[in-house]
Amino acid sequence: MLSSMFYKLWANGLIQMGIWETVYMTMIASFFSYLFGLPLGVILTVTDKNGICENRAVNSILGFAVNFFRSIPFIILMVAMLPVAKFVVGTSLGNKAVIVMLIIGASPYVARMVESSIKEVDAGVIEAAQAMGANKLQIICKVLLPEAKPSLIIGAAISIVTILSYSAMAATLGGTGLGQIAIIYGHQRNNSDITWICVFLTVIIVQIIQMAGTAIAQKTDKRIRNK
Amino acid sequence: MIEIRHLGKTFQTSAGDIVALDDINLTIADGEIFGIIGLSGAGKSTLVRCINLLERPTAGDVIINGKSMMSLPEKELLQMRRSIGMIFQNFNLLEQRTVLGNVCFPLEISGVGKKEAKAKALELLKIVGLEERTRAYPSQLSGGQKQRVAIARALATDPQYLLCDEATSALDPNTTRQILDLLKSINRDLGVTIIVITHEMKVIDRICDSVAVIDASHIAEVGKVSEVFTAPKTQIARDLIIPKESNIISTTGGRKLRLTFDGEEKTREPLISRMVLECGAPVNILFADTRIYDNVVHGHMVIELPNELHEAEKIMYWLSSNNVKWKEEI
Ligand SMILES: Nc1ncnc2c1ncn2[C@@H]1O[C@H](COP(=O)(O)OP(=O)(O)OP(=O)(O)O)[C@@H](O)[C@H]1O
Ligand SMILES: [Mg+2]
């Protein structure tokens, strides 16, 4: 059933390598996207109207920047960000550059995810903390983030899946991984079985991420009775 | 002592300015339980939130122990808030923390060590009767238990004052009584001055020493509970204290009289039964709401006279000659 190309790729370890590269790029990019996106999301929340550090100027500037990046399709953003990647990692080719572009593309997305999770925290609980004399940093670190934790984890699973799909797109600009295998060996050499195997493997990875996210979120959430 | 001076709060909204509080003046003495009663939207929550500056007043000041809250710098304000506990209608517990974690929270943020905080929290959970549930999460507790946790949490920093915004409004009558009794004992045993916001007369009645009636952003009336409740001077106070009569159903369709007892000796004897015996005419008691202050009965009663004109007049005459205040209900 499978073409000889598949066995060749498998024997050379290219497919296994592709899986690893996809996972690895996704993880690195996710880590950095959260490093930037999480604080950004927190700032977006607390500076918003009725937030604990309401600040119109900061909120609208950041909000605009985030919306700006979010409204550009990732494939176009990647091309536009090539010079930035070159500036940061010294090259506009290869996985290093792709990771930079993934981070630029995903951080604003993560920021909005984080913002929507934190906004779910009951205003009454924040008010109670304020009444107890908590300062702003304490409210962020001890109320907003811990109370939003289950929702943040669900959001993280969704964000990671998005980053994974971005990383596959990055194959068009020389990124490696399952996306590249699908394009080079599947599409360009007309082996549709390779393409489908890449799709199948991607689906499996997405499922694992999604299920793990849901399971961890459920385990940490204390709002569910009888546990 | 908490002194509220010329306090005002105007909310600016896109639909125009909303005056929530206007020239509020109140003095809350140390050691008392001070009630603030008013209808929905009267400004009760805004008033209590202005006391610890959760809401910044737009006029006037709140002076606590001689210190002007409005002129405190941020850091001292946070410090001051630690001496003012607060509990809420919706409990506002941290859902992701255990009961113990919730009570430790105010101690953590004021820099108390973990061990010390835990010991203090356990001691407080014992006071509120929840020492068995320290490892439970809020979602596993009943409303009454949640409010107990909230009370323990509010007391963790040994506050001098406790603000309660509709603390029992989400609870059933039985649980309400238990929570009110707990508040009373906290006031008595720990010497905490308590400010209770409510729209329910029975809350004021059960635990408060003084009461302020707030109506449409103003203080309508203020005084000792026994005074305000027995001789309300304003219509709004009367409305709040005397329950609505819509549920008084006449049985025979006879004329209805409202009798008012305001602390005269008469009320200590079995007045109604004497009247019925002496007049030889039956009456229906449609409604009675009386209570005892300083060993004297105060309150209201609505009776229905017999249809027989002669008997009805006899009763009215008897009431007048026995100095019972009455008024015909229409
Ligand atoms: N943040 C706000 N912005 C605009 N208006 C407000 C705000 N908070 C309160 N108000 C208005 O101020 C008035 C008083 O509200 P408040 O919540 O103090 O009433 P309340 O007496 O506590 O009522 P309830 O018994 O329903 O809780 C209301 O007219 C309300 O609409
Ligand atoms: Mg209210």
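Each value, and the rule that gives it
- Residues numbered from 1 in each chain as written.
- Chains lettered and ligands numbered in written order.
- Predicted model: local features only at pLDDT ≥ 70, side-chain atom pairs only at ≥ 80, totals over all residues.
- Heavy atoms only, no water.
- Contact = heavy atoms within 4.5 Å.
- Buried area = accessible area lost by both parts, 1.4 Å probe.
- Salt bridge = Lys/Arg side-chain N within 4 Å of Asp/Glu carboxyl O.
- Polar contact = N/O pair within 3.5 Å; in protein donor to acceptor, adjacent residues only side chain to side chain.
- Helix = DSSP H or I, 4+ residues; strand = E, 2+ residues; numbered from the N terminus.
- Near = heavy atom within 4 Å.
- Areas by Shrake-Rupley, 256 points an atom, 1.4 Å probe, with all protein chains shown as cover.
- Nonpolar A, V, L, I, M, F, W, Y, C, P; charged D, E, K, R; others polar.
- Phe/Tyr/Trp six-rings, centres within 6.5 Å; stacked < 30°, edge-to-face > 60°.
- Buried < 20%, exposed > 50% of the residue type's maximum accessible area, 1.4 Å probe, protein only.
- Core = buried A, V, L, I, M, F, W, Y, C linked by side-chain atoms within 4.5 Å.

Turning next to the interface of chain A and chain B. Each side of the interface is counted separately: chain A has 27 residues, and chain B has 25 residues. Together chain A and chain B conceal approximately 2,200 Å² of surface at their shared face, both sides included; 54% is due to carbon and sulfur atoms. Three residues, A:Met132, A:Lys142 and A:Lys222, lead the burial of chain A against chain B; their summed loss comes to 29% of the area buried on that side. Counting across the interface, chain A meets chain B through 2 salt bridges. Counting the contacts that link chain A with chain B gives 12 residue pairs in polar contact (both at pLDDT 80 or more). Of all elements in the fold, only helix 7 (123-131) and helix 8 (136-169) of chain A reach the threshold of two or more residues within the side of chain A that touches chain B.

Residues and elements named next belong to chain B. Near ligand 1, the surroundings consist of 13 residues, among which Ser40, Gly41, Lys44, Ser45 and Thr46 are the closest. Here an oxygen atom of ligand 1 and a backbone polar atom of Gly41 are 2.8 Å apart. Alone, ligand 1 offers 640 Å² of accessible surface; in the complex the protein occludes 62% of this. Every element with two or more residues in the shell around ligand 1 is listed here: strand 1 (2-13), strand 2 (16-28) and helix 1 (44-51). Ranked by the residues each element gives to the shell around ligand 1, the list is headed by helix 1, at 3 residues. Grouping the constituent residues of the shell around ligand 1 by class yields 5 nonpolar, 6 polar and 2 charged.

Once that is clear, we can look at the packing of aromatic side chains. Residue and element names in this part refer to chain A. As enumerated under the stated definition, the model contains 7 aromatic pairs over all chains in all. Relative to Tyr7, the ring of Phe6 lies with its centre 5.6 Å away and its plane at 75°, an arrangement referred to as edge-to-face. With 5.6 Å between their ring centres and 40° between their planes, Trp20 and Tyr24 make a pair best called tilted. Placement of both Trp20 and Tyr24 in helix 2 (residues 14-46) is noted, with a separation of 4 residues, approximately one turn of the helix. Taking relative accessible area as the criterion, Tyr24 reaches 37% and is therefore assigned partly exposed. Taken together, the ring pairs in this structure connect Phe6, Tyr7 and Trp10 into an aromatic cluster.

The nonpolar side chains of a soluble globular protein tend to be buried with one another. Judged by nonpolar contacts, the single largest core of 56 residues is most densely connected at B:Ile2, B:Ile4, B:Ile36, B:Leu47, B:Ile64 and B:Met69. Looking at this core element by element, the count peaks at 7 residues for helix 8 of chain A. Contacts of B:Ile36, omitting those with residues within four sequence positions, involve B:Leu26, B:Lys44, B:Leu47, B:Ile195, B:Val196, B:Ile197, B:Thr198, B:Ile204, B:Ala212 and B:Ile214. Ranked by size, the runner-up nonpolar core spans 51 residues in total, among them B:Val99, B:Cys104, B:Leu107 and B:Val213.

Moving on to the environment of A:Met78. Residue and element names in this part refer to chain A. With respect to the secondary-structure elements, Met78 resides in helix 4 (residues 74-80). You can call Met78 buried: its relative accessible area is 1%. Along the sequence, Met78 and Met101 sit 23 residues apart, while their C-alpha atoms lie 5.9 Å from each other. In this structure, Met78 is in contact with Met101, Met169, Ala170, Thr172 and Leu173, ignoring residues within four places of it in sequence.

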